[in-house]
Amino acid sequence: MDRDRFDRSETEWAAVRERLREILGSEETVTFVAEEEGDLVGELLAVPRAPGVVGIGVSVADGRRRKGVATALFAAAAVWARDARIRELQLDVQEANEPARSLYGKLGFIDTGRRRPGERGPVLTMTKSL
Ligand SMILES: CC(C)(COP(=O)(O)OP(=O)(O)OC[C@H]1O[C@@H](n2cnc3c(N)ncnc32)[C@H](O)[C@@H]1OP(=O)(O)O)[C@@H](O)C(=O)NCCC(=O)NCCS
């Protein structure tokens, strides 16, 4: 990760690492991965936020974007979510992240109107009911 892009102190990085360890170590977190010829090219995490509600995080490798990888990851996650009786998907996205907002809009996520300040501008919450 290019840490210079984030204006974080070492203490804040330690908190981020700890939170990631918690998420990845939790048996409740479900991870979907996309591979191409053995390379990891994308991942989607589904993290429980409340009963029947999961928060989603997704990322596709630079150079492998705009080829439907994220769309495929969401399709796999949607199948799992229905089986797991998840009723709502939530995600937080930077308002300025046009690629992600375009993707989520296409997938049927709705802007809740909720905004909170983020390190790189406002962050909005989008949801999708299943
Ligand atoms: C956002 C991201 C996950 C999209 O992944 P992807 O595999 O490229 O997405 P897809 O190929 O499935 O794209 C589906 C749709 O998303 C939108 N989209 C994706 N990349 C876009 C871009 N650079 N500009 C505008 N729209 C874009 C388009 O609507 C696209 O459909 P189209 O190609 O038919 O126009 C990827 O750009 C990424 O990893 N970005 C960095 C990490 C990030 O921002 N994660 C989200 C944090 S909330």
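Each residue is numbered by its place in its chain's sequence as written, counting from 1. Since the coordinates come from a predicted model, pLDDT governs what is reported: local features require at least 70, and pairs of side-chain atoms require 80 or more to be given and counted, while whole-chain, interface and lining totals use all residues.

A. Up close: the overall build of the chain. Think of it this way: any DSSP run of H or I at least four residues long counts as a helix, any run of E at least two long counts as a strand, and we number them from the N terminus. Counting secondary structure elements, the chain contains 3 helices and 6 strands. Ordered by position from N to C terminus, the α and β elements of the chain give α-β-β-β-α-β-α-β-β. As defined in this context, the radius of gyration uses C-alpha atoms, and a globule is described by 2.2 Å times the residue total to the power 0.38. Taking 14 Å as the expected radius of gyration for a compact globule of 130 residues, we find that the chain reaches 15 Å, a close match to that expectation. The dimensions of the chain, computed from C-alpha atoms along their principal axes, are 40 × 40 × 30 Å. The buried share of the chain, reckoned over its 130 residues, is 15%. Buried means a residue has 20 or more other C-beta atoms within 10 Å of its own C-beta, exposed means 12 or fewer, and partly exposed covers the counts in between; C-beta atoms are placed from the backbone.

B. The site of the ligand, seen in detail. We call a residue near a molecule or strand when its C-beta atom, built from the backbone, sits within 6 Å of it. In the region of the ligand, 19 residues are neighbours, and Arg65, Ala70, Thr71, Pro99 and Leu103 sit closest. Elements supplying a minimum of two residues to the shell around the ligand: β3 (53-60), α2 (69-83), β4 (88-94) and α3 (98-106). With 6 residues, the top contributor of residues to the shell around the ligand is α3. Here the residues of the shell around the ligand sort into 9 nonpolar, 5 polar and 5 charged. Under the scheme applied here, ten amino acids are nonpolar (Ala, Val, Leu, Ile, Met, Phe, Trp, Tyr, Cys and Pro), four are charged (Asp, Glu, Lys and Arg), and all others, including Gly, are polar.

C. Representation of the sheet that holds strand β5 (residues 110-118) in the model. Any two strands are treated as partners once DSSP identifies two or more bridges connecting them. Pairing within the open sheet is mixed, and its 6 strands lie in the order β1-β2-β3-β4-β6-β5. This sheet does not close on itself; its edge strands, each paired only once, are β1 (30-36) and β5. When strand polarity is set aside, the average angle formed by the axes of neighbouring strands in this sheet is 25°. Of the strand pairs in this sheet, β5 and strand β6 (residues 121-129) are connected by 6 bridges, and their pairing is antiparallel. Directly across from Gly118, in β6, lies its bridge partner Gly121. Axes here refer to lines fitted to C-alpha atoms; in helices the fit is confined to the stretch in contact. Angles between the N-to-C directions go from 0 to 180 degrees.

D. A look at the nonpolar core. For this analysis, nonpolar core means a set of buried Ala, Val, Leu, Ile, Met, Phe, Trp, Tyr and Cys residues linked through C-beta atoms within 7 Å. Formed by 15 residues in total, the largest nonpolar core has its most connected members in Leu44, Ala46, Ile56, Ala70, Leu73 and Ala77. If you tally residues by element for this core, the top one is α2, at 6 residues. Residues are treated as contacting if the C-beta atoms built from their backbones sit within 7 Å of each other. Not counting residues within four places of it along the chain, the set of residues in contact with Ile56 comprises Leu44, Ala46, Leu89, Gln90 and Leu91.

E. Here's a closer look at the pairing of β3. Only one face of β3 is buried, namely the one carrying Val54, Ile56, Val58 and Val60, since none of Val53, Gly55, Gly57 and Ser59 on the opposite face is buried. Examined bridge by bridge, strand β2 (residues 39-50) and β3 share 8 bridges and lie antiparallel to one another. The residue bridging Val47 from the neighbouring strand is Gly55, located in β3. Where β2 folds back onto β3 in an antiparallel hairpin, the turn is made up of 2 residues, including Gly52, whose phi is positive at roughly 80°. The pairing of β3 with β4 spans 3 bridges and is classified as parallel. Note that in β4 the partner of Gly55 across the bridge is Gln90. When the strands point away from the viewer and the connection leading from the first strand across the helix to the second strand turns clockwise, the crossover is called right-handed. Once the chain exits β3 it traverses α2 before rejoining the sheet at β4, and the crossover so formed is right-handed.

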